[in-house]
Amino acid sequence: MKKLSYLLAAAVLVACQSGKKTEEAVVEETPATTVSLVKKWETDTTLTTPESVYYDVTNGVLYVACIGAVPPDAKDGDGFIAKVGLDGAIIDTQWVVGLDGPKGMGMVGNLLYVSNIDEVVEIDVNTGEITNRFPVDGASFLNDITVDASGTVYISDSGMSKIFTLSNGAVALWTEGEVLGGPNGLLAEDGRLMVASFGAGKFSTISIADKDVKMVVDSIPGGDGVVALDGDYFVSNWNGEVYYVTEDWKKTKLLDTKAAGANAADIEIAADQSLLFVPTFFGNTVVAYDIVKE
């Protein structure tokens, strides 16, 4: 029932019909590369419902957004951010408390931005203190966060099929519409956003200049996290899979933990460590995998 509750909450019927549509390209699944994932470590189970991982390169630590009790959109105050070492050791389980359903994260300078249902929370990583809260009008299920080179924060709303921005202390609606397919995972690149859609199960690009949407890979149901490595991508789906997608849009499934009952939520990468981090949601752990190229 808990899993059903999450799926229903995250796949709320799209309420907004506006937004630009373009012809969508469908790419067939073919073996794409010799990359593989080899399990390196797994945390203990004190990370209650971990949804997202963020790698703070400067401080050499991982931040893990933990929803706590479900449903993930309940304003119950039991969500928290944990601090975890690159060896999987829990440094501080309750590093930041007082959240509801924290999910995606991104950083600008020493400030960590976290989506929290219908607000974005700002945290000073030097002190672990919440320094600001930004309400997001019209939001119902804020999910992932990415930050572009200029420091603009992008936030997906999977429930309302919207993407918001936070810049210079102001929140604004950036784009919306059925074409987004219930956007979840976001990754800002030069001139575009990469988007993994939870509802539509597709991987798309959105032009920053004109907000045109183009599907580049289909059939990744429950799309959750997106990270990049050497021009290619890892894309997770919440059901328990991780795909490798090459820059010419060929996909290969690298990980499938569905049979073990482990999810694959908002993944993170440490390129300098050749590690991929997978939060297992109801598994209450984060698993690190060595990225192996043969």
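Residues numbered from 1 in each chain as written. Predicted model: local features only at pLDDT ≥ 70, side-chain atom pairs only at ≥ 80, totals over all residues. Heavy atoms only, no water.

Visitor: Would you explain the side chain of Ser 158 in this entry?
Guide: If you trace the backbone, Ser 158 turns up in the loop between strand 11 (153-157) and strand 12 (162-167). Using a relative accessible area of 1% as the deciding quantity, one classes Ser 158 as buried. In this structure the side chain of Ser 158 is engaged in a polar contact, spanning 2.9 Å, whose partner is the side chain of Asn 143. (Helix = DSSP H or I, 4+ residues; strand = E, 2+ residues; numbered from the N terminus. Buried < 20%, exposed > 50% of the residue type's maximum accessible area, 1.4 Å probe, protein only. Polar contact = N/O pair within 3.5 Å; in protein donor to acceptor, adjacent residues only side chain to side chain.)

Visitor: Please clarify how the sheet that holds strand 12 should be interpreted in this entry.
Guide: Strand-to-strand pairing in sheets goes through backbone hydrogen bonds, with the strands running parallel or antiparallel. The antiparallel open sheet is built from 4 strands, whose spatial order is 10-11-12-13. Strand pairing shows two members of the sheet lacking a second neighbour, strand 10 (142-147) and strand 13 (170-176), which therefore form its edges. For this sheet, the mean inter-axis angle between neighbouring strands, taken without regard to orientation, is 25 degrees. When strand 12 meets strand 13, the two strands line up antiparallel, connected through 6 bridges. Residue pairing in the sheet places Lys 162 in a bridge with Glu 176 of strand 13. (Pairing = 2+ DSSP bridges. Axes fitted to C-alpha atoms, helices over the stretch in contact; angles between N-to-C directions.)

Visitor: When you look at the nonpolar core in this model, what are you seeing that I'm missing?
Guide: As a rule of thumb, nonpolar side chains are buried together in soluble globular proteins. The biggest cluster of nonpolar side chains holds 17 residues, and the ones touching the most others in it are Leu 37, Phe 234, Val 242, Ile 269, Leu 276, Val 278 and Ile 291. For this core, the secondary-structure elements that each account for two or more residues are strand 1 (35-42), strand 18 (223-229), strand 20 (241-245), strand 21 (251-256), strand 23 (275-279) and strand 24 (286-293). Among the elements that make up this core, the one with the highest residue count is strand 24 (3 residues). With residues near it in sequence (within four places) discarded, Leu 37 still touches Phe 234, Val 242, Leu 254, Leu 255, Leu 276, Tyr 289, Asp 290 and Ile 291. (Core = buried A, V, L, I, M, F, W, Y, C linked by side-chain atoms within 4.5 Å. Contact = heavy atoms within 4.5 Å.)

Visitor: What exactly am I supposed to notice about the environment of Trp 95 here?
Guide: Position of Trp 95 relative to the elements: it lies in strand 5 (residues 90-99). On the accessibility criterion, Trp 95 (12% relative accessible area) is buried. Taking the C-alpha atoms as reference, Trp 95 lies 9.7 Å from Val 84; in sequence the two are 11 residues apart. If we ignore the near neighbours within four places in the chain, the residues touching Trp 95 are Tyr 63, Ile 81, Ala 82, Lys 83, Leu 112, Ile 123, Val 125 and Gly 128.

Visitor: Looking at this structure, I do not really get the packing of aromatic side chains. What am I missing?
Guide: Within this structure, the stated rule accounts for 10 aromatic pairs. For the ring pair Trp 41 and Phe 277, a centre distance of 5.9 Å and an interplane angle of 40 degrees mean the geometry is tilted. Placement of Trp 41 in strand 1 and of Phe 277 in strand 23 is noted, with a sequence separation of 236 residues between them. For the ring pair Phe 234 and Tyr 244, a centre distance of 4.9 Å and an interplane angle of 65 degrees mean the geometry is edge-to-face. You can see Phe 234 sitting in strand 19 (residues 232-237) and its partner Tyr 244 sitting in strand 20, a full 10 residues away along the chain. By relative accessible area, which is 0% here, Phe 234 ends up buried. (Phe/Tyr/Trp six-rings, centres within 6.5 Å; stacked < 30°, edge-to-face > 60°.)

Visitor: Teacher, can you tell me more about the layout of surface pockets here?
Guide: Over the atoms, a rolling probe the size of a water molecule traces out where space has been left empty. By volume, the largest pocket amounts to about 410 Å³. In terms of lining residues, the largest pocket is bounded by 24 residues, among which Tyr 54, Leu 187, Val 227, Glu 268 and Ile 269 are the most central. Breaking the lining of the largest pocket down by element, the ones donating at least two residues are strand 2 (50-56), strand 6 (102-108), strand 10, strand 14 (183-189), strand 18 and strand 22 (268-270). Looking at side-chain class alone, the lining of the largest pocket contains 17 nonpolar, 3 polar and 4 charged residues. (1 Å grid on protein atoms, 1.4 Å probe; cavity = no way out; pocket = protein on both sides within 12 Å on 5 of 7 lines; lining within 4 Å. Points joined across faces, edges and corners; volume = space filled by probe spheres on them. Nonpolar A, V, L, I, M, F, W, Y, C, P; charged D, E, K, R; others polar.)

Visitor: What am I meant to see in the pairing of strand 21 here?
Guide: Every other side chain in a regular strand lies on the same face of the sheet, so the side chains alternate between the two faces. Of the strand pairs in this sheet, strand 20 and strand 21 are connected by 5 bridges, and their pairing is antiparallel. Of the residues in strand 21, the one forming a bridge with Glu 241 is Asp 256. Connecting strand 20 to the antiparallel partner strand 21 that follows it, the hairpin turn spans 5 residues, and Trp 249 within it adopts a positive phi of roughly 70 degrees.

Visitor: I'm lost on the confidence of the model for the protein chain in this one. Help?
Guide: As a general rule, the predicted coordinates of low-pLDDT regions are not to be interpreted in detail. Here the protein chain shows a mean pLDDT of 90. Residues at 70 or above account for 89%. Predicted confidence is poor over residues 1-28, with pLDDT under 50, and the contacts of this stretch with residues over four places away or in other chains come to 64 contacts. (pLDDT = per-residue confidence, 0-100.)

Visitor: Honestly, the pattern of salt bridges in this entry has me stumped. Any pointers?
Guide: Two side chains with opposite charge may pair up if their charged atoms get near one another. Applying the stated criterion to the full structure yields 9 salt bridges. We note a salt bridge from Lys 75 to Asp 118, for which the minimum N-O separation is 2.6 Å. Linking Lys 75 in the loop between strand 3 (61-66) and strand 4 (79-85) with Asp 118 in the loop between strand 7 (111-116) and strand 8 (119-124), this pair joins segments that are 43 residues apart in sequence. On the basis of relative accessibility, which here comes to 56%, the residue Lys 75 falls in the exposed class. For Asp 118, a relative accessible area of 24% translates into the label partly exposed. Among the salt bridges present, the one from Lys 258 reaches Asp 256, with a minimum N-O distance of 2.7 Å. (Salt bridge = Lys/Arg side-chain N within 4 Å of Asp/Glu carboxyl O.)

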